[in-house]
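# An overview of the molecular structure
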Amino acid sequence: METAKGRKREHWGFDDPAKAEGIEEEEWTFFQLVRDEISDKLKCFANCNYKK
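A short tour of the structure in this document, coming up. Remember, it's a predicted structure, so these values are computed and weren't measured experimentally.

### Details of the overall build of the chain
Helix and strand counts for the chain stand at 1 helix and 0 strands. Here the chain holds 52 residues, and 6% of them are scored as buried. With the model as given, the accessible surface of the chain reaches about 5,100 Å², and the carbon-plus-sulfur share is 54%.

Following this line, the structure appears as C-alpha cells:
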C-alpha cells in the first residue's frame, strides 16, 4: 500500500495477547511470545533499513 509522497506502508499482524486463554501461567507465556515476535520484527526492520 502506498501512502503520501510514495512512502510504503506495511502491516504486521500479531496475535492479540489479550485474547489468551488458560491458566495465568499459560496466558503469561503467550504474552511473552507475542512480545518476542514484535521485538524480533522491529530488530529486523531496523537492520534492513540501516543497510540501505
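### Digging into a nonpolar patch on the surface
A contiguous nonpolar surface patch, about 230 Å² in accessible area, is contributed by F14, I38 and L42. Since its relative accessible area comes to 31%, F14 is described here as partly exposed.

### Remarks on the pattern of salt bridges
Summed over all chains, the structure comprises 1 salt bridge. Taking the shortest distance from any N to any O, the salt bridge between D36 and R35 comes out at 3.0 Å. For D36, a relative accessible area of 35% translates into the label partly exposed. Residue classification places R35 among the partly exposed residues on the basis of a relative accessible area of 46%.

### Topic: the packing of aromatic side chains
For the structure on display, the rule yields 1 aromatic pair. Geometrically, the ring pair formed by W12 and F45 is edge-to-face, given 5.4 Å between the ring centres and 70 degrees between the ring planes. Pair noted here: W12 is in the segment before helix 1 (24-50) and F45 is in helix 1, with a separation of 33 residues, a long-range link. Under the relative-accessibility criterion, W12 is labelled partly exposed at 25%.

Reading the values: the criteria
- Residues numbered from 1 in each chain as written.
- Predicted model: local features only at pLDDT ≥ 70, side-chain atom pairs only at ≥ 80, totals over all residues.
- Heavy atoms only, no water.
- Helix = DSSP H or I, 4+ residues; strand = E, 2+ residues; numbered from the N terminus.
- Buried < 20%, exposed > 50% of the residue type's maximum accessible area, 1.4 Å probe, protein only.
- Areas by Shrake-Rupley, 256 points an atom, 1.4 Å probe, with all protein chains shown as cover.
- Patch = residues over 30% accessible without salt bridge, like charges linked within 9 Å, V, L, I, M, F, W, Y side chains within 5 Å.
- Salt bridge = Lys/Arg side-chain N within 4 Å of Asp/Glu carboxyl O.
- Phe/Tyr/Trp six-rings, centres within 6.5 Å; stacked < 30°, edge-to-face > 60°.

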